[in-house]
Amino acid sequence: MRSTRPRKQFAQHWLKSEKALDRIVKAADLSGDRVLEIGPGTGILTRRLLAAAESVVAVEIDRDLCVQLAKQLGKKDNFLLLQGDILEMDLDAQLTAFERFLNPNKVVANIPYNITGPIVQKLLGTISVPAAKPFDSIVLLVQKEVADRLYAKPGSRAFGALSVRVQYLAECELICDVQAKDFYPPPKVDSAVVRLRPRLIETPAVNPKHLENLVKLGFGSKRKMLRNNLKGIVDVDTLVQVLEKLDVNPQSRAEDLSAAQWVNLSNNLLQMTDGRSIGS
Ligand code: SAH
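Residues numbered from 1 in each chain as written. Predicted model: local features only at pLDDT ≥ 70, side-chain atom pairs only at ≥ 80, totals over all residues. Heavy atoms only, no water.

> It is not clear to me how the site of the ligand should be interpreted in this structure. Could you clarify?
Near the ligand, the surroundings consist of 22 residues, among which Gln12, Gly39, Glu60, Asp85 and Asn110 are the closest. Contacts to the ligand include leucine 15, whose backbone N or O atom sits 3.0 Å from an oxygen atom. Within the backbone of glycine 41, an N or O atom sits 3.3 Å from an oxygen atom of the ligand. Against a free-state accessible area of 570 Å², the protein chains account for coverage of 98% of the ligand. For the shell around the ligand, the secondary-structure elements that each account for two or more residues are strand 1 (14-15) and strand 3 (55-60). A per-class count over the shell around the ligand returns 12 nonpolar, 6 polar and 4 charged. (Near = heavy atom within 4 Å. Polar contact = N/O pair within 3.5 Å; in protein donor to acceptor, adjacent residues only side chain to side chain. Areas by Shrake-Rupley, 256 points an atom, 1.4 Å probe, with all protein chains shown as cover. Helix = DSSP H or I, 4+ residues; strand = E, 2+ residues; numbered from the N terminus. Nonpolar A, V, L, I, M, F, W, Y, C, P; charged D, E, K, R; others polar.)

Right, dumping it as structure tokens:
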């Protein structure tokens, strides 16, 4: 079976830890769910998902693996395999003909690490364009360093623009760590399972595009105080006034503000500047 030899080109690392597989499936809490899996590989996770969910649609880029998977799992009527690049695929269009797989409500996947950012964006959307039909939950095996940023608390070293963008759209939690030796071949980095739960935004941004730009500029130069990074778009006095109103120390750096504080900052700046601030 040559085609199960992992290919570097597609960031293939087969998970072999039973314990990690169990934790992933448990975190997804499956019963009557329709699951989307990205990168089924040899199908080790897929088999477990098929046993626990109502249906599983899996998207795999590697044609040889697809042939193997179709041979092994093709007869299961709650399984649909789509060959292609998840980032290019219009999933809704692909699924129109397959009633049982339409509108998957959960994602469970051991994803290719080289495209983690774009995958998370595809699944959650962005601050200005959140996913039209948010998933109930998204359980992903990702590189540890990225996981740390996803669930980081404000003020911690790992908290950055990615943390704000993702935490604006979803609750993020760590499920468990997974070691490099739990894969074949072992990746160069450690890994972790995270669960993202898209949620209704309590205080939405009045102008999401403004918030998006503000976060980008605010984190522009990580070591600088926020008021210096934002100098070009809002005068220091106005910014300090807004920060004080929000009970945020005017000396703060970008990484000190939670996602909710960023939203308040954006909304208040827009109010103070009559909507003339950046990107509005
Ligand atoms: N889930 C398997 C394999 C994980 S490795 C396991 O746990 O063992 C990542 C998988 O994603 C590989 O099968 C790889 O071929 C696939 N992949 C890589 N890039 C992809 C893309 N753009 N779209 C869909 N699948 C992709």
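> What exactly am I supposed to notice about helix 7 (residues 161-169) here?
Side chains that are three or four residues apart share a direction in an α-helix, a result of its 3.6 residues per turn. Counting buried positions along helix 7 yields 8 of 9 residues, so the element is predominantly enclosed. Along helix 7, the residues that are buried comprise Ala161, Leu162, Ser163, Val164, Val166, Gln167, Tyr168 and Leu169. Against the buried residues of helix 7 lie helix 5 (116-124), helix 6 (144-150), strand 7 (170-178), strand 9 (191-198), helix 8 (208-218) and helix 11 (259-272). (Buried < 20%, exposed > 50% of the residue type's maximum accessible area, 1.4 Å probe, protein only. Contact = heavy atoms within 4.5 Å.)

> Help me out: how do you make sense of the pairing of strand 3 in this one?
Two faces belong to every sheet, and in a regular strand the side chains alternate between them. Across the 6 residues of strand 3, 6 count as buried, placing the element largely inside the fold. By the alternation rule, side chains of strand 3 split into Ser55, Val57 and Val59 and Val56, Ala58 and Glu60, which are all buried. Here strand 2 (residues 34-38) pairs with strand 3 via 5 bridges, running parallel. Counted as the bridge partner of isoleucine 38 is valine 59 from strand 3. In this view, the connection linking strand 2 to its parallel neighbour strand 3 by way of helix 2 (residues 44-52) has right-handed handedness. Across 5 bridges, the pairing between strand 3 and strand 4 (residues 79-83) is parallel. Paired with valine 56 across the strands is phenylalanine 79, a residue of strand 4. Handedness of the crossover joining strand 3 and strand 4 through helix 3 (residues 63-73): right-handed. (Pairing = 2+ DSSP bridges. Right-handed = clockwise from strand over helix to strand, strands pointing away.)

> Would you mind showing me how to read helix 3 here?
Along helix 3, the positions that sit buried rather than exposed are Leu65, Cys66, Gln68, Leu69 and Leu73. Down the axis, helix 3 shows its buried residues gathered within 165 degrees of arc, on one side only. Seen from the buried face of helix 3, the exposed residues on the opposite side, beyond 90 degrees, are Arg63 and Lys71. In this fold, the buried residues of helix 3 make contact with strand 1, helix 2, strand 3 and strand 4. The backbone nitrogen of aspartate 64 lies 3.0 Å from a side-chain oxygen of the residue at the head of helix 3, namely aspartate 62. (Arc of directions from axis to C-beta.)

> I keep staring at the sheet that holds strand 3 and nothing clicks. Help me out?
For sheets, the rule is that strands pair by backbone hydrogen bonds, running either parallel or antiparallel. Read across the sheet, 7 strands follow the order 4-3-2-5-6-9-7 without closing on themselves; strand pairing throughout is mixed. Only two strands of the sheet have a single neighbouring strand rather than two, namely strand 4 and strand 7. Between one strand and the next, the sheet's axes are offset by a mean angle of 20 degrees, whatever the strand orientation. Contacts from helix 1 (residues 18-28) reach strand 5 (106-110), strand 6 (137-143), strand 7 and strand 9 within the one sheet, and its direction differs from that of strand 6 by about 150 degrees. (Axes fitted to C-alpha atoms, helices over the stretch in contact; angles between N-to-C directions.)

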